[in-house]
Amino acid sequence: MNIQEELWQDKAKLHLTHNLIHCITNPISMNDCANAVLVLGGKPIMAQHPDEVAQITKTAKALALNLGNFDDIRNEAMIVSIKTANENHIPVVLDLVGVGCSDLRYNYAKSMMDAYHIDVIKGNLSEIRAMAGKPAHALGIDVGDSDIERVEDSAIWIQEFAKQIGCCILCSGAVDIISDGIHTYKVENGCELLTLCTGTGCMLNVITATFLSCMEPIKACMLACSFFGVVAEKCLKVTTMPGSFHYKLFDWLYALEKEEYLKYAKISEVVL
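Residues numbered from 1 in each chain as written. Predicted model: local features only at pLDDT ≥ 70, side-chain atom pairs only at ≥ 80, totals over all residues. Heavy atoms only, no water.

**Student:** Residues and numbers for the packing of helix 3 (residues 30–39) against helix 11 (residues 242–255), please.
**Tutor:** Remark: helix 3 packs on helix 11, axes separated minimally by 8 Å, with the N-to-C direction vectors making an angle of 25 degrees. Between helix 3 and helix 11, the angle falls in the class roughly parallel. Helix 11 is crossed by helix 3, and the crossing has right-handed handedness. Counted together, D32, N35, A36 and V39 of helix 3 and H246, F250, L253 and Y254 of helix 11 form the full contact between these two elements. Within the contact of helix 3 with helix 11, the residues separate by chemical class into five nonpolar, two polar and one charged. (Axes fitted to C-alpha atoms, helices over the stretch in contact; angles between N-to-C directions. Helix = DSSP H or I, 4+ residues; strand = E, 2+ residues; numbered from the N terminus. Parallel < 35°, antiparallel > 145°, perpendicular 65-115°, else oblique. Left-handed = near helix turned anticlockwise from the far one by under 90°. Contact = heavy atoms within 4.5 Å. Nonpolar A, V, L, I, M, F, W, Y, C, P; charged D, E, K, R; others polar.)

Given below as structure tokens:
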């Protein structure tokens, strides 16, 4: 059985569970994130009031945190939620949105990573470089051109960083790099139109959390990147316009069939 087949079998478990996914994300992408979880077979809840998130998180099967459009309410809520998740052995994904351009977000993420267990750290190349203590030149929440390097070169230090912090890293980009500190994979799916729709990175975060609710972290990351990437490629076959591409994403997140996924998912291990 190849890795794609194995991942698809794990994905099938989700439709039998309807797992609740607690997402504390930004208002810019909240609706898209909720719909992404829903069409995959999970049940989204987007609670973010500090006085209720502990109760909500206890009932969830995964927690997705996002630093985009950062504010005081989510600052407090995310700390309460991750503490609750750790106490109840609920897996956590942290999306490092903007840590490469904001000291506030960087310091918050660093303190969270130091104090709590996180199963998956997600970010683009500039964001992951910043958290790893490497020079980073983010262009706002996007990757800085000078940070782009050969996949094999990125894979070396990403694997070392994953081993150092003891969690899985999902570095998203034209080629996604995923490492748990022992094994490192690349996923070569997706298309340029994903960069023209606000919130697709946030969607990848909650898709990862949804899969994380029923499989181990490195598998959840590989499936999220490859599945979402194949969906994007499928949409590109029927439209080249960002508006129609955006709504088609939800159609094919819902309807992509096993045969197409197995045919087009491009996952390979990076040998270091």
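What follows picks up the thread again.
**Student:** Give me the lowdown on the side chain of Q4, citing residues and values where you can.
**Tutor:** Along the polypeptide, Q4 turns up in helix 1 (residues 3–12). Engagement of the side chain of Q4 in a polar contact is seen with the backbone oxygen of A265, the distance being 3.1 Å. If sequence neighbours within four positions are ignored, Q4 has contacts with Y261, L262, A265 and I267. (Polar contact = N/O pair within 3.5 Å; in protein donor to acceptor, adjacent residues only side chain to side chain.)

**Student:** How would you summarise the nonpolar core if you had to cite specific residues and measurements?
**Tutor:** If you look at the biggest cluster of nonpolar residues, it comprises 55 residues, and the most contacted ones within it are I178, F211, F227, F245, L249, L253 and Y261. Residues contacting Y261, with those up to four places away along its chain left out, are Q4, L7, W8, L223, S226, F227, V230, L256 and I267. Counting 35 residues, the second largest nonpolar core, distinct from the first, contains A85, I90, L96 and C171. (Core = buried A, V, L, I, M, F, W, Y, C linked by side-chain atoms within 4.5 Å. Buried < 20%, exposed > 50% of the residue type's maximum accessible area, 1.4 Å probe, protein only.)

**Student:** Please give an account of the environment of C101 that cites residues and values.
**Tutor:** Note on placement: C101 falls in the loop between strand 4 (92–95) and helix 6 (103–115). For the pair C101 and C171, spaced 70 residues apart in sequence, the C-alpha to C-alpha distance is 17 Å.

**Student:** Summarise the sheet that holds strand 7 (residues 176–179); cite the residues concerned and give the values.
**Tutor:** Strand order in the open sheet formed by nine strands is 2-1-3-4-5-6-7-8-9, with mixed pairing between adjacent strands. The outermost strands of the open sheet, each flanked by one partner alone, are strand 2 (43–45) and strand 9 (267–269). The mean inter-strand angle of the sheet, taken between neighbouring strand axes irrespective of direction, is 20 degrees. With four bridges joining them, strand 1 (residues 20–24) and strand 3 (residues 62–66) adopt parallel strand pairing. Looking at strand 3, one finds that H22 is bridged to L63. Against the sheet, helix 3 contacts strand 1 and strand 2, and its axis sits at roughly 155 degrees relative to strand 2. (Pairing = 2+ DSSP bridges.)

**Student:** Describe the pattern of salt bridges, and please don't skip the residues or the numbers.
**Tutor:** Scanning the entire structure with this criterion turns up twelve salt bridges. Of the charged contacts in the structure, one is a salt bridge between E152 and R150, with a shortest N-O distance of 3.6 Å. Connected through salt bridges with shared partners, the residues E6, D10, K13 and K219 form a single ionic network. (Salt bridge = Lys/Arg side-chain N within 4 Å of Asp/Glu carboxyl O.)

**Student:** So what's going on with the packing of aromatic side chains? Which residues, and what values?
**Tutor:** Summed over the entire model, instances satisfying the criterion amount to five aromatic pairs. An angle of 35 degrees between the planes, with centres 5.5 Å apart, marks the rings of W8 and Y261 as tilted. Residue W8 is located in helix 1, and its partner Y261 is located in helix 12 (residues 258–264); the two are separated by 253 residues in the primary sequence. On the accessibility criterion, W8 (13% relative accessible area) is buried. Cluster of aromatic residues (ring-pair linked, three or more members): W8, F211, F227 and Y261. Over the ring of W8 we find K11, and its NZ or CZ is 4.7 Å from the ring centre. (Phe/Tyr/Trp six-rings, centres within 6.5 Å; stacked < 30°, edge-to-face > 60°. Lys NZ or Arg CZ within 6 Å of the ring centre and 35° of its normal.)

**Student:** Describe the UniProt feature "binding site: substrate" (unreviewed entry) in the protein chain, naming the residues involved and giving the relevant values.
**Tutor:** Mapped onto this structure's residue numbering, the UniProt feature "binding site: substrate" (unreviewed entry) falls at M46 and G199. Beyond its immediate stretch of four places on either side in the chain, M46 contacts C23, T25, M30, C33 and A34. Tracing the chain through its elements places G199 in the loop between strand 8 (184–187) and helix 9 (200–212). (UniProt positions renumbered as here; feature names shortened; annotations may be inferred.)

**Student:** Let's hear about the UniProt feature "binding site: ATP" (unreviewed entry) in the protein chain: which residues, and what values?
**Tutor:** The UniProt entry lists K122 and S172 under the feature "binding site: ATP" (unreviewed entry), expressed in the numbering used here. Look at the named residues: they lie 51 residues apart in sequence, but the longest C-alpha span between them is just 7.4 Å, so in the fold they bunch up. What makes K122 buried here is its relative accessible area of 4%. Look past the residues within four positions of K122 in its chain and what remains in contact with it is L94, D95, L96, I128, L170, S172, G201, L204 and N205. Note on S172: relative accessible area 17%, which makes it buried. Look past the residues within four positions of S172 in its chain and what remains in contact with it is K122, G123, N124, L125 and L204.

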